[in-house]
Amino acid sequence: MSVLRVMGWSLGLASLAGGALWLAETVNPPLVDVASAGTDPAPSAGAAPGLNAPVIAAVPADADLETRLSRLEALMHTLGQQLDAQQRNASRSHEELARLVRALEQQRGAGSTVASDDAGANEEPPSPEAEQAAAEVRVALLDRQARTERTDPRWSGPATAQIQAVFAEGGLAGSTLRNAACQTTLCRVEVDHRDALALDRFLGEFSARLGWNTHSYAQTLTHEDGSATLVLYLSREGYRLPRAGA
Amino acid sequence: MNAKQLMIGLGFSMLAVAGAPALAADAKTLPGAACQPNSNNPTAFYIGSNGVLINNSDTALTVICPIVRDVMAANSSNGISNAQIYVVDNNNSTNDPRVSCTLESRTTGAGLVEALTDNSVAGASPNVQVLDNYTNLGSSSEGYYFFRCTIPGNQTVGAQINRSSIVMYRWSETD
């Protein structure tokens, strides 16, 4: 049982008890009050010894008792209704409290999402110039590695042949292999593409045709006539391409 | 420490937990149905009632599978910490075509940051296999990620047509 419900019940029962006491005092005042209300009357003739007349006079008649009982019942009924109303109020307060708690939790959740998004919003995307500069750094690093790395004869030859074989199969229409060279941990591949469609087809299918599990990087140079040259760097399986600052 | 102090401490701890943003390392998944054909004239494919994207033609289908990016900041070490793609390679016909998926990181200008490629194993099987050679993919601030997958075409064996598919994919970002 909730605290609010217990409080409601307590309040209602206290009101009921208070109301009953008030009613009892109203409809049946204490004998002492009756006695103090007037002078001591003389004992009535025929009165039993030890009994005063006012005491006898305070005893109501049957009809009067019934009236008072009816009033008491009506009062009890009213108090019962008030108690029900208070219970309903307490229940509504409880629901309202639960609703507020839920709203607070949702607000807190939304606040954390906003905070997370804000953190991202503070990040500015790099400018095209910055992107270009980063790409040039990356390509220079990869080209340096491709030039300076020694050749692993166990892998270099077969890997280069595999790349050449993909083009020899003829499935990459519009793409022509210009050069392929593999060293110990990476290959550098230059491919000319007739147009953007051929380049897109190459990007979609070359990996599947080659079948290597590889780390790769590529840079595309688009020419004025719509053709493009792609320089593709592929790592040997189990290796990763070098990164600037790594 | 009395009970009141303990309750206050517990209350603050709960507030701190409730107020913390979602962990960036939380993994996310999408069904193969999220993938889109790479071409404006794709070979036939369909989405199964189980959310799997299935190549329904005799030739290879290339699809792009988008990845939701949560962590927008970028530095030399963050990006995708790991990713997996669940595929079915049910074709071992001539040259044994594989399901080949490349996880790409691109800049806001569509420039390639870097890519990682993994392929299904040789042979044909209706069982799901996991391609998972996708760890520590770099990122560019505000850029985007996706998988690009090539799915082999159907292989007819007797009266049966074996189809290959993308079942789902999963990724985790680095904070």
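Preceding block: the structure.
Below or above, wherever it landed, is the structure these notes cover. Per chain, the residues get numbers from 1 upward, laid out in the order the sequence is written. Each chain gets a letter, beginning with A, and each ligand a number, beginning with 1, in the order they are written. At least 70 in pLDDT is required for a residue's local features to be given in this predicted model, at least 80 for side-chain atom pairs to be given and counted, and no such filter applies to totals for whole chains, interfaces and linings, which use all residues.

1. Examining the overall build of chain B
Strands here are runs of E lasting at least two residues and helices are runs of H or I lasting at least four, both read from the DSSP assignment and numbered beginning at the N terminus. Regarding its fold elements, chain B presents 1 helix and 13 strands. The secondary structure elements of chain B, listed N-terminal to C-terminal, are α-β-β-β-β-β-β-β-β-β-β-β-β-β. Out of the 175 residues belonging to chain B, those deemed buried represent 38%. Taking as baseline every contact in chain B between residues at least 6 positions apart, the subset at least 24 positions apart corresponds to 73%. Buried means a residue has 20 or more other C-beta atoms within 10 Å of its own C-beta, exposed means 12 or fewer, and partly exposed covers the counts in between; C-beta atoms are placed from the backbone. Remark: residues whose backbone-derived C-beta atoms lie within 7 Å of one another are considered to be in contact.

2. Observations regarding the environment of B:I64
All names here are of chain B. The topology assignment puts I64 in strand β5 (residues 61–67). Assessed through the 15 C-beta atoms surrounding it within 10 Å, I64 is described here as partly exposed. Through-space distance from the C-alpha of I64 to that of L103 is 9.8 Å; in sequence the pair is 39 residues apart. Beyond its immediate stretch of four places on either side in the chain, I64 contacts C35, Q36, N38, F146 and R148.

3. Observations regarding the nonpolar core
Among soluble globular proteins, nonpolar side chains are generally buried collectively. Judged by nonpolar contacts, the single largest core of 58 residues is most densely connected at B:L103, B:C149 and B:I166. Broken down by element, this core gets its largest block of residues, 6 residues, from helix α7 (residues 196–210) of chain A. When neighbours within four sequence positions are excluded, B:L103 is seen to be in contact with B:I80, B:A83, B:A115, B:L116, B:Y134, B:L137, B:Y145 and B:F147. Under the definition applied here, buried Ala, Val, Leu, Ile, Met, Phe, Trp, Tyr and Cys residues are grouped into a nonpolar core through C-beta atoms within 7 Å.

4. Here we look at the pairing of strand β10 (residues 144–151) of chain B
Residues and elements named next belong to chain B. In terms of burial, β10 is a largely internal element, 6 of the 8 residues being buried. Here 7 bridges tie β5 to β10, and the two strands are oriented antiparallel to one another. Paired with V63 across the two strands is C149, which belongs to β10. Whether two strands pair depends on DSSP finding at least two bridges between them.

5. Brief notes about helix α6 (residues 156–168) of chain A
Residues and elements named next belong to chain A. For a helix, the expected span equals 1.5 Å multiplied by the number of residues minus one. Spanning 13 residues, α6 covers 18 Å between terminal C-alpha atoms, matching the ideal 18 Å at 1.5 Å per step. When α6 is considered as a whole, its buried residues turn out to be A159, I163 and V166. Projection of α6 onto a plane perpendicular to its axis shows the buried side chains occupying an angular sector of 55 degrees, all on one side. α6 presents G157, P158, A161, A165 and A168 as exposed residues on the side facing more than 90 degrees away from its buried surface. Where α6 is buried, its residues meet β1 (175–182), β2 (186–193) and α7. Once α6 ends, the next one or two residues include G170, with phi positive near 80 degrees. The reported arc concerns the directions from the helix axis to the C-beta atoms and nothing else.

6. Here's the deal with helix α5 (residues 128–148) of chain A
Residues and elements named next belong to chain A. Compared with the 30 Å implied by 1.5 Å per residue over 21 residues, the 30 Å span of α5 between its first and last C-alpha is a close match. Of the residues making up α5, those classed as buried are E131, R138 and L142. Buried positions in α5, seen along its axis, are confined to an arc of 35 degrees and lie on one side of it. Opposite the buried face of α5, by more than 90 degrees, sit the exposed residues E129, A133, E136, A140, R144, R147 and T148. Where α5 is buried, its residues contact β3 (215–222) and β4 (228–235).

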